[in-house]
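Chain by chain, the residues:
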Amino acid sequence: MAEALHLVCPHCDAINRIPATRLDDTPNCGQCHKPLFTAHPIELTGTNFQKQVGRSDIPVLVDFWAPWCGPCRMMAPEFVQAAAELEPRVRLAKVNTEAEQALGAQFGIRSIPTLALFKGGREVSREPGAKRKSDIIRWTQSQL
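Attention here is on the structure that accompanies the text. All values reported here derive from a predicted model rather than from experimental measurement.

Each value, and the rule that gives it
Residues numbered from 1 in each chain as written. Predicted model: local features only at pLDDT ≥ 70, side-chain atom pairs only at ≥ 80, totals over all residues. Heavy atoms only, no water. Helix = DSSP H or I, 4+ residues; strand = E, 2+ residues; numbered from the N terminus. Expected span 1.5 Å × (residues − 1). Bend = angle between axes of the 7 residues up to and from the residue. Buried < 20%, exposed > 50% of the residue type's maximum accessible area, 1.4 Å probe, protein only. Contact = heavy atoms within 4.5 Å. Disulfide = S-S within 2.5 Å. Polar contact = N/O pair within 3.5 Å; in protein donor to acceptor, adjacent residues only side chain to side chain.

### Some thoughts on helix H2 (residues 70-86)
Between the first and last C-alpha of H2 there are 24 Å, a value that for 17 residues agrees with the 24 Å anticipated at 1.5 Å per step. For H2, the principal kink sits at Ala-76 and spans about 35 degrees; a proline, Pro-77, occurs within the next four residues. Here H2 has its buried residues at Cys-72, Met-75, Glu-78, Phe-79, Ala-82, Ala-83 and Leu-86. Close packing links the buried residues of H2 with strand S4 (60-65), strand S5 (91-96), strand S6 (114-119) and helix H4 (133-143).

If you want it as structure tokens, here you go:
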């Protein structure tokens, strides 16, 4: 039997068990029946951060950003394009540090944008500064 991975639905936060061999088959959530991968970053809040990051068996790349940050706004479309290429092996997510100041403080975010890569619920790497799609993909793959 294939190894089952736990994936958290980006729509309803339900935890799904999916065989690793089926990741490329565009799996749907067993609860809300929406796609588990959307090729877009998901929004994380204080409410869903721990479940999305801590319960997912695939790495989660988080962009800590703010709406007033020029480099953050420049990097946003690059991050979306990177999501389309990195999924389903990596989930991409965004944390608005203006709206979620407690999360920014919890992770000691000192500059934005900052990319943080989580595996098994723990931060394994961090990279500050705006990046292009190719740099986001290259850096993420080099950390895995």
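### Side note on the state of the cysteines
The tally for this structure, following the rule as stated, stands at zero disulfides. Of the cysteine sulfurs around Cys-9, a residue in no disulfide, the closest is that of Cys-32, at 3.6 Å. Residue class for Cys-9 comes out buried when judged on its relative accessible area of 0%.

### Things to note about the side chain of Lys-131
One can find Lys-131 in the loop between strand S7 (122-128) and H4. Classification of Lys-131 by relative accessible area gives buried; the value is 16%. A distance of 3.1 Å separates a polar side-chain atom of Lys-131 from the backbone oxygen of Pro-128. Contact partners of Lys-131, with chain neighbours within four places excluded, come to Met-75, Glu-78, Leu-115 and Ile-136.

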